[in-house]
Amino acid sequence: MSEAVSCGGVVIHRGKILLLYKNIHNRYEGWVLPKGTVEKGESFEQTALREVKEESGVKAEIIKFVGTSNYSFSVYDENINKEVHWYLMVADNYDSKPQREEFFMDSGYYKYHEAYHLLKFQNEKNILEKAYNIYHAMKRDGTFPWK
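Residues numbered from 1 in each chain as written. Predicted model: local features only at pLDDT ≥ 70, side-chain atom pairs only at ≥ 80, totals over all residues. Heavy atoms only, no water.

A. Highlighting the overall build of the protein. The number of helices and strands found in the protein is three helices and seven strands. Tracing the protein from N to C terminus, the helices and strands come up as β-β-β-β-α-β-β-β-α-α. Here the C-alpha radius of gyration of the protein, 15 Å, is about what a compact globule of 147 residues would show, namely 15 Å. Out of the 147 residues in the protein, the part that is buried amounts to 47%. In the protein, 68% of the contacts between residues at least 6 apart in sequence involve partners at least 24 apart. For the protein, the accessible area works out to roughly 8,300 Å², and carbon and sulfur atoms hold 48% of it. Charge-centre separation for the protein: the mean point of 20 positive side chains lies 6 Å from the mean point of 21 negative side chains. (Helix = DSSP H or I, 4+ residues; strand = E, 2+ residues; numbered from the N terminus. Rg over C-alpha atoms; globule rule 2.2 N^0.38 Å. Buried < 20%, exposed > 50% of the residue type's maximum accessible area, 1.4 Å probe, protein only. Contact = heavy atoms within 4.5 Å. Areas by Shrake-Rupley, 256 points an atom, 1.4 Å probe, with all protein chains shown as cover. Lys, Arg positive; Asp, Glu negative; His and termini not counted. Charge placed at Lys NZ, Arg CZ, Asp CG, Glu CD.)

Below you can see the structure in the form of structure tokens.
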């Protein structure tokens, strides 16, 4: 069994969440949060920011670490355990451009309940819920840095 580490972001702008629609030759399709593999020499934060920018075209800023998710999958008869480090991020506008080379066909910002129901994987739904609760708590106590 192989181990893999990725990092990603729950990107929020004015209360809406950035999602990406991935479709790999109609074999794998669904809405996901932006994330990707850590490259040599990168910190987890650098990876998360780079992957959000590459996959969605969004230049985001990290607000707070949200947590880690773990899952397993198989590729060519090899089992892979993946650990993903997630960050609450903020963008300053709604612009996004999905990275076609990585099979992202669409992107956009959605209200929390829409995003929750669109997401393909339960572990990403759990991270979204945690990140959105942090976002609302910070807005309530005035510590969220953006309007």
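Having put the structure on the table, let's press on.
B. Here's a closer look at helix H3 (residues 122-141). When the terminal C-alpha atoms of H3 are compared, their 29 Å separation across 20 residues agrees well with the 28 Å that a helix rising 1.5 Å per residue should span. In the segment just after H3, glycine 142 is the residue with positive phi, at about 80°. (Expected span 1.5 Å × (residues − 1).)

C. Structural context of the pairing of strand E1 (residues 2-13). Sheet topology places E1 next to strand E6 (residues 78-90); eleven bridges connect them, and they run parallel. Note on E6: the bridge partner recorded for glutamate 3 is asparagine 81. Bridge count for E1 against strand E2 (residues 16-24) is two bridges, and the pairing is antiparallel. Counterpart to histidine 13 in the pairing with E2 is lysine 16. Between the antiparallel neighbours E1 and E2 lie two residues, among them arginine 14 with a positive phi of about 50°. (Pairing = 2+ DSSP bridges.)

D. Seen up close, the packing of aromatic side chains. Counted under the stated rule, the structure contains eight aromatic pairs. Pairing phenylalanine 65 with tyrosine 87 gives two aromatic rings, centres 5.3 Å apart and planes at 65°, and the pair type is edge-to-face. With phenylalanine 65 in strand E5 (residues 61-75) and tyrosine 87 in strand E6, this residue pair connects regions lying 22 residues apart in the sequence. On the basis of relative accessible area, phenylalanine 65 is assigned to the partly exposed category, the value being 39%. Since its relative accessible area comes to 4%, tyrosine 87 is described here as buried. Seen from their ring centres, tyrosine 112 and tyrosine 116 are 6.0 Å apart, and the 40° between their planes marks the pair as tilted. Of this pair, tyrosine 112 and tyrosine 116 are both found in helix H2 (residues 112-118), four residues apart, which corresponds to roughly one turn of the helix. Classification of tyrosine 112 by relative accessible area gives buried; the value is 14%. (Phe/Tyr/Trp six-rings, centres within 6.5 Å; stacked < 30°, edge-to-face > 60°.)

E. Quick peek at helix H1 (residues 44-56). Between its terminal C-alpha atoms H1 stretches 18 Å, which fits the 18 Å expected from 13 residues at 1.5 Å a residue. Among the residues making up H1, those that are buried are Thr47, Ala48, Arg50, Glu51, Val52, Glu55 and Ser56. Considering only its buried residues, H1 is in contact with E1, E2, strand E4 (35-37), E6 and strand E7 (104-110). In the segment just after H1, glycine 57 is the residue with positive phi, at about 75°.

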